[in-house]
Structure formats: C-alpha cells, structure tokens
Amino acid sequence: MNLEFRVTKKFVNELLVVLDELVKEIRREEKEKYPYAEWERKREIVKKRLRKLPEYVREALAMIRIQKKAGRPKELDLEKRVMLFLFARLMNRSNRDVEELLELFEPLFGFKVSYKTIERLYSDEEVKLALHNLFILLLKEEGISGEFAGDGTGYSLTVTKHYRTNPKKKGKDFRYVFRIIDIDTGMYVGFGYSSRSEKDAFNKAMKMLKEMGVKMNSISLDKYYSTRKTLKVFGKETAVYVIPKKNLSRIGFDWLRVIERIIEAPYKFLKRYFKRNLSESGFSADKRRFGWLIRQKREDRREMALFAIGLWHNIFAIRVR
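Residues numbered from 1 in each chain as written. Predicted model: local features only at pLDDT ≥ 70, side-chain atom pairs only at ≥ 80, totals over all residues. Heavy atoms only, no water.

Below, the discussion takes up the sheet that holds strand S5 (residues 239-241). Spatial ordering of the open sheet is given by S3-S2-S1-S4-S5, a layout of five strands whose pairing is mixed. Both outer strands of the open sheet, strand S3 (188-194) and S5, are each paired with one neighbouring strand and no more. Across the sheet, the axes of successive neighbouring strands diverge by a mean angle of 20°, strand direction being ignored. Seen against the sheet, helix H13 (residues 277-290) touches strand S1 (147-156), strand S2 (174-182) and S3 and runs at an angle of roughly 40° to S1. (Pairing = 2+ DSSP bridges. Helix = DSSP H or I, 4+ residues; strand = E, 2+ residues; numbered from the N terminus. Axes fitted to C-alpha atoms, helices over the stretch in contact; angles between N-to-C directions. Contact = heavy atoms within 4.5 Å.)

Counted under the stated rule, the structure contains 18 salt bridges. As a salt-bridge pair, Glu142 and Arg49 come within 3.1 Å of each other at their nearest N and O atoms. Of the two residues, Glu142 sits in helix H8 (residues 125-142) while Arg49 sits in helix H3 (residues 43-62), which places them 93 residues apart along the sequence. Like Arg49, Glu142 is buried. For Arg276, the salt bridge goes to Glu280, with nearest N and O atoms at 3.1 Å. Taken together, the salt bridges that share partners define one network made up of Arg81, Asp124 and Glu126. (Salt bridge = Lys/Arg side-chain N within 4 Å of Asp/Glu carboxyl O. Buried < 20%, exposed > 50% of the residue type's maximum accessible area, 1.4 Å probe, protein only.)

Val82, Leu86, Leu131, Leu134, Ile180 and Leu270 are the most contacted members of the largest nonpolar core, which has 88 residues in total. Looking at this core element by element, the count peaks at 10 residues for helix H14 (residues 299-316). Dropping the residues within four chain positions of it, Leu270 is found in contact with Leu19, Leu22, Val23, Ile26 and Ile243. Counting six residues, the second largest nonpolar core, distinct from the first, contains Ala149, Ile181, Ile183 and Phe283. (Core = buried A, V, L, I, M, F, W, Y, C linked by side-chain atoms within 4.5 Å.)

Moving on, we come to the packing of aromatic side chains. Using the criterion set out here, one finds 12 aromatic pairs in the structure. With a centroid separation of 5.4 Å and 75° between ring planes, the pair formed by Phe178 and Tyr225 is classed as edge-to-face. Note that Phe178 is positioned in strand S2 and Tyr225 in the loop between strand S4 (218-220) and helix H10 (228-231), a separation of 47 residues in sequence. Of the two residues, Phe178 and Tyr225, neither departs from the other in class, the shared state being buried. Taken together, a centroid distance of 5.1 Å and an interplanar angle of 70° make the contact between Tyr273 and Phe274 edge-to-face. Since its relative accessible area comes to 4%, Tyr273 is described here as buried. Its end group placed over the ring of Tyr241, Arg261 keeps NZ or CZ at 5.5 Å from the ring centre. The ring of Phe316 carries Arg289 above its face, with NZ or CZ at 4.3 Å from the centroid. (Phe/Tyr/Trp six-rings, centres within 6.5 Å; stacked < 30°, edge-to-face > 60°. Lys NZ or Arg CZ within 6 Å of the ring centre and 35° of its normal.)

Look at Asn92: it is not a glycine, yet its phi comes out positive at around 55°. Following the sequence through the fold, Asn92 ends up in the loop between helix H4 (78-91) and helix H5 (95-104). A relative accessible area of 18% places Asn92 in the buried class.

Counted under the stated rule, the structure contains three cavities of 30 Å³ or more. Taken as a whole, the largest cavity holds about 70 Å³ of empty space. Forming the walls of the largest cavity are Leu231, Phe234, Gly235, Thr238, Val240, Asp254, Arg257, Val258 and Arg261. Residue contributions to the lining of the largest cavity peak at four residues, all from helix H11 (residues 253-264). A breakdown of the residues in the lining of the largest cavity according to their chemical character gives four nonpolar, two polar and three charged. Estimates place the volume of the second largest cavity at around 40 Å³. Leu16, Leu19, Asp20, Lys223, Ile243, Pro244 and Lys246 are the residues that line the second largest cavity. For the lining of the second largest cavity, a count of residues per class yields four nonpolar, no polar and three charged. (1 Å grid on protein atoms, 1.4 Å probe; cavity = no way out; pocket = protein on both sides within 12 Å on 5 of 7 lines; lining within 4 Å. Points joined across faces, edges and corners; volume = space filled by probe spheres on them. Nonpolar A, V, L, I, M, F, W, Y, C, P; charged D, E, K, R; others polar.)

Structural data, given as structure tokens:
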C-alpha cells in the first residue's frame, strides 16, 4: 500500500504530539552531554594541529600558482601574510592592537607591520585562496563521516547590539552565517555568509559543499528549515532529520520520506535530530573564543573574518564520538 494514502494531516499532528513527549526525555539526556567540554581531556590533539599549522600552511601554498604582476611587490611573502592573518584572527583584537602585539613578538615573527597592512589581508585574494586550501587539507587530514548537522547564527557589527539579545535578529547591524558541522569530527565542512538572511547563508553553504564534492549522507536541521522547498535541496541519497511543522499544508513525497523515517523509529529519529545541538554548541564555543563582533567595514572582509573563525574552529575541534 502506498504510504502517501495512509499518511494524513491528522495522522501527522498526532505523531507530532508523541514526538513532543520524546523530545522532553531526549533533551534531558542531551543536556548532560557537551562534547566541546572534552577539549581539556583531548587537548593534545589540538596541540598537534597547532604545531603542524606552519606545515599545513606551506602545503596549502604549494597548491597555488601565482602569476607575477607588475608593480610594487607585497611587503610580506604569502606564507608570512597567511600566518599573520591567522594570528590576528586568533587574537580577536583590533588591527591597532595586533600592530602593537607584533612589536612585542617581533623576535618571534621577524617582522612588524602597520594596522593598515593587517586590514588589507582581509581582502587579499592570495591569502583567501591559501585559507580555502588549508580548510580542505584539515578536513582531509581528519576524515569526515558525511553525517552532518547545520544551523545559522548572527554576528553584530556594533558593540551595543548583541545577536542573542536582539529578539528580531535582523537589520543592518547584523550579518548571518550558516555552518554545516560533521557530527563525528566536530569540524565545519560548509560555510555560508550573507548580509541579507540566514536562508541566503544556508544556500551558499550548500553551494560550497557541492563545489567541494563532499558527500552528504544525512543532515539535521531545526524547524526554521522545515519546508518542502528546503527538503527539495537534498536528493534521495541524503536522509534529512527535521521535525515537520504542525498543520502541514501539503504532504508530498519529500515529506513522506521524513515521516516514514519517524514512523520506523521515533526515538532513534529524534536522537539523530538533536545532533543539531552540536552546531549550537560550536557557535557558543566560537563566540566565547573569537567574539561575536565583526570589526571590518567592507562586506568581503567581513566574510573573510567569519570564514577564518570557522577555520580556527576546525583547528581546535575534537572528535565527538
């Protein structure tokens, strides 16, 4: 018998009532787990990545072929520019503060530059290419599972407005990011940035995954993405874990695949659905370490700053399972 004729709106609403009860139980269990708190126990993994970072950078640079241009050469070579940019993002300070730190660390770095040079790194296409390659190298080194979760968040452009304290979370004072996380490694595998909406950032993150050729076996998303339009983004080969909204206007084949998965194993479905909490935990850890404020004025530089946060997240990430 075709499942489409047995699944009615009434049946779905009754199913959601049952899920609500299971949700309460699973939330209690999930609150006891916080994988990012294991960083202290597994800090040697992170230390190893940090020690190998210059090696990773050189490997990333080896993948780039740069044509010599006429005009004044760069003040620093590409390797130094990449390491300086990563240092600046890790410090999470203003460019003037980083300039002063370089005065202190000149014996270590072997150079010092002005705050203007540091700001220009955010729009340096060669640095951008190197960071993209570094992002991919880290994923290859760790090995990703294909079991993902995704969520969006916002970053403030002003000190006076915080994303979490703004109920509307909209307007010219915020920028949106959507990051897709691998639930096995805790690493981000996709990133999208938008000045317009979280959904636009989601579309860009999906485009990035497609361009990298990353296979997606499954993904967990929150109710904001509980629409047929979102489900159509994923093919039949991807299992989508999202809870349907009440009073669905139409139950088509896209929703049938989700509902069928719920019917087969409701508890297992919800356990997998709540893996999306890894995204929220990741955002929380990132903002504590790197801040929630974007200081750059140009859009391309804002995007670069947020991409770098995702890159540093992967360097500090630990395996969840």
